[in-house]
Amino acid sequence: MLISQSYREVWSLRSKLIFRFIFSYFLLYMVLMFTSSLFEVPFRWLGKTFLGFTYEYDVSGYGSGDNTYAYITLFFNLILALFFTVLWTVLQRNKKEYNKAFYWFIVALRFFIVSAMLLYGFVKVFQIQFQPPSFVKLLQPLGEFSPMGLAWTYMGYSKGFGMFAGIMEILGGVLLIWRRTATLGAFIVVGVMTQVAMMNLMFDIPVKLFSIHLILMAGIIFMTDFKRFQSVFIKNKSTKAYDFYHPISSKSYHKTISILKKLVLPILLIAGCILSYLGQLNISDINHRPALYGIWEAKTFIKNKDTIPPLTTDSHRWRYLLVERKGNAVVKTMTDKLLRYTFETDTLQNKISVYSQYSSKDSLNFEFDLPNRNQLKLWGEIENDSIYVVLQKKDLKEFPLHSRGFNWINERPYNQ
């Protein structure tokens, strides 16, 4: 085998070259992931001189993992890894084996993948990464969705599917903690992350580079035990037990590490559940529902004492008032333009402070009345205009995404 976790006294030249490159490349990748911003000046020069990036771009990428700076970092990562491989080969051309270095390299890969899998798994299980469709999404025509927005809505709609995906990521990560189960863990991670990477690629989600690297890292771990996998699952032959090499032979060391793993794993899982649950509570609309929660459709709209008809060409007349989170509201106009406002309600005085992020706070500039639970009247002044609006609350069950639950029996496909 080209790469193996079993001890080999003499490595072939090809095995040594492969090890030197993957060791250099992936350790650099892990280090640069957290430190690349420190090298902004030389990296910008590198991107401009060798890659032709002359336009303006931000180092952080505004949340994107596939930004220009990430590709410059990857280019530098590759060039430096090739350089280290050549230099290493020249300096240690007579080196016979790298058993110890390869062991610690695999440990580093396992630690990195486990961290990523637990993080990504928990935010899926507790619906932090993918949240249920918001009011804005419910009213947004399908053709206006971006590919990423469509994928996010698809994943966020089904809590059960998100939990399944997250549990599989956590399972793969947990199995990687022990060497005996690392092959199975790597196999699961490759499968799960291939699905993630394909979604990133096909729906233009900017985490393509990271997801692909996780597949490659897990693939390296899996390939160290591929011979046994091939014998059993492909050739249908018996196989021998894998003789893992360990540079430390002390029994007390192994016993201590085993005890630590058994103690730390439950702590990590419990802490992950608690922190993720608190994070879910912090973003869940159930725990942040304001007094006027709902989708309100404007039936009457009077601006500066003029009744404005509901013309679809009017970019100023309100069509919907979306109140989903405490302290915020979104107005959707007749032209589907979205206007975001701070929306602070005083239910004791029946007054509201409504102001946009671009204007100063106007304290309690609106009053409201609820003749019944399905009707809302608002009046006041905003941006030097007097507004009077009568709104009707929409029943969320009108939306199939809210009303259509799970059904064991379907006489015909419900495909709208």
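Residues numbered from 1 in each chain as written. Predicted model: local features only at pLDDT ≥ 70, side-chain atom pairs only at ≥ 80, totals over all residues. Heavy atoms only, no water.

Draft legend 1. Looking closely at the UniProt feature "transmembrane region" (unreviewed entry) in the protein chain. According to UniProt, the "transmembrane region" (unreviewed entry) feature falls on residues 21-39, 69-90, 102-123, 160-178, 185-203, 209-226 and 259-279. Measuring from the first to the last C-alpha atom of residues 69-90 gives 32 Å, for a span that is 100% helix and 0% strand. Annotation note: span residues 259-279, helix share 100%, strand share 0%, distance between end C-alpha atoms 30 Å. (UniProt positions renumbered as here; feature names shortened; annotations may be inferred. Helix = DSSP H or I, 4+ residues; strand = E, 2+ residues; numbered from the N terminus.)

Draft legend 2. Molecular detail of a nonpolar patch on the surface. Taken together, the side chains of Phe83, Phe84, Val86, Leu87, Val90 and Leu91 define a hydrophobic patch exposed on the protein surface, amounting to about 570 Å² of accessible area. Position of phenylalanine 84 among the secondary structure elements: in helix 3 (residues 68-91). (Patch = residues over 30% accessible without salt bridge, like charges linked within 9 Å, V, L, I, M, F, W, Y side chains within 5 Å. Areas by Shrake-Rupley, 256 points an atom, 1.4 Å probe, with all protein chains shown as cover. Salt bridge = Lys/Arg side-chain N within 4 Å of Asp/Glu carboxyl O.)

Draft legend 3. Spotlight on the packing of helix 4 (residues 99-125) against helix 11 (residues 251-283). Running from amino to carboxyl end, helix 4 crosses helix 11 at an angle of 20°, the nearest separation of the two axes being 10 Å. What the angle tells us is that helix 4 and helix 11 run roughly parallel. Once helix 4 is placed against helix 11, the crossing between them reads as right-handed. Along its contact with helix 4, which presents Trp104, Arg110, Leu118 and Phe122, the element helix 11 presents Tyr253, Lys261, Leu268, Leu269, Gly272, Cys273 and Ser276. Residue composition of the contact of helix 4 with helix 11, by class: 7 nonpolar, 2 polar and 2 charged. (Axes fitted to C-alpha atoms, helices over the stretch in contact; angles between N-to-C directions. Parallel < 35°, antiparallel > 145°, perpendicular 65-115°, else oblique. Left-handed = near helix turned anticlockwise from the far one by under 90°. Contact = heavy atoms within 4.5 Å. Nonpolar A, V, L, I, M, F, W, Y, C, P; charged D, E, K, R; others polar.)

Draft legend 4. Here's a closer look at helix 4. Between its first and last C-alpha atoms helix 4 spans 38 Å; for 27 residues at 1.5 Å apiece the expected length is 39 Å, and the two agree. Glutamine 127 sits one or two residues past helix 4 and shows a positive phi near 50°. (Expected span 1.5 Å × (residues − 1).)

Draft legend 5. Region of the structure containing empty space enclosed by the protein. The final tally for this structure, using the stated rule, is 2 cavities of 30 Å³ or more. Roughly 50 Å³ of volume is contained in the largest cavity. Lining the largest cavity are Ser4, Gln5, Ser6, Trp11, Asn99, Phe102, Tyr103 and Tyr245. Along the lines of polarity and charge, the residues of the lining of the largest cavity split into 4 nonpolar, 4 polar and no charged. By volume, the second largest cavity is sized at about 30 Å³. Surrounding the second largest cavity, Trp318, Leu321, Ala329, Val331, Tyr341, Phe343 and Val354 form its lining. Where the lining of the second largest cavity is concerned, the elements lending two or more residues are strand 3 (318-323), strand 4 (327-333) and strand 5 (338-346). Here the lining of the second largest cavity is built from residues that sort into 7 nonpolar, no polar and no charged. (1 Å grid on protein atoms, 1.4 Å probe; cavity = no way out; pocket = protein on both sides within 12 Å on 5 of 7 lines; lining within 4 Å. Points joined across faces, edges and corners; volume = space filled by probe spheres on them.)

Draft legend 6. View of the packing of helix 4 against helix 9 (residues 208-223). The geometry of helix 4 relative to helix 9 is characterised by a closest axis approach of 10 Å and an angle of 135° between their N-to-C directions. Relative to helix 9, helix 4 is oriented oblique. As for how helix 4 packs across helix 9, the hand of that crossing is left-handed. Residue-level inspection shows Phe105, Ile106, Leu109, Arg110, Phe112, Ile113, Ala116, Met117 and Tyr120 of helix 4 in contact with helix 9, the latter providing Phe210, Leu214, Met217, Ala218, Ile220 and Ile221. Within the contact of helix 4 with helix 9, the residues separate by chemical class into 14 nonpolar, no polar and 1 charged.

Draft legend 7. Geometry of the nonpolar core. Counting 47 residues, the largest nonpolar core has Phe105, Leu109 and Ile113 as the members making the most contacts within it. It is helix 4 that provides the largest number of residues to this core, a total of 12 residues. Non-local contacts of phenylalanine 105, meaning those with residues more than four positions away in its chain, are made with Phe19, Ile22, Phe23, Phe26, Leu27 and Ile220. By size, the runner-up hydrophobic cluster in this structure holds 21 residues, among which are Trp296, Ile352, Val354 and Leu378. (Core = buried A, V, L, I, M, F, W, Y, C linked by side-chain atoms within 4.5 Å. Buried < 20%, exposed > 50% of the residue type's maximum accessible area, 1.4 Å probe, protein only.)

Draft legend 8. Looking closely at the packing of aromatic side chains. Under the counting rule described, the total for this entry stands at 37 aromatic pairs. Measuring from centroid to centroid gives 6.2 Å for phenylalanine 112 and phenylalanine 210, while their planes differ by 75°, and the two rings are edge-to-face. Here the residue phenylalanine 112 occupies a position in helix 4, and phenylalanine 210 occupies one in helix 9, the gap between them amounting to 98 residues. Take phenylalanine 112 and phenylalanine 210: they sit in the same class, and that class is buried. Following the ring pairs from residue to residue traces out a cluster consisting of Trp11, Phe19, Phe23, Trp88, Tyr98, Phe102 and Phe105. Stacked on the ring of tryptophan 11, the Lys or Arg arginine 8 has its end atom at 4.4 Å from the ring centre. Lying over the aromatic face of tyrosine 57, arginine 44 brings its terminal NZ or CZ to 4.5 Å of the ring centre. (Phe/Tyr/Trp six-rings, centres within 6.5 Å; stacked < 30°, edge-to-face > 60°. Lys NZ or Arg CZ within 6 Å of the ring centre and 35° of its normal.)

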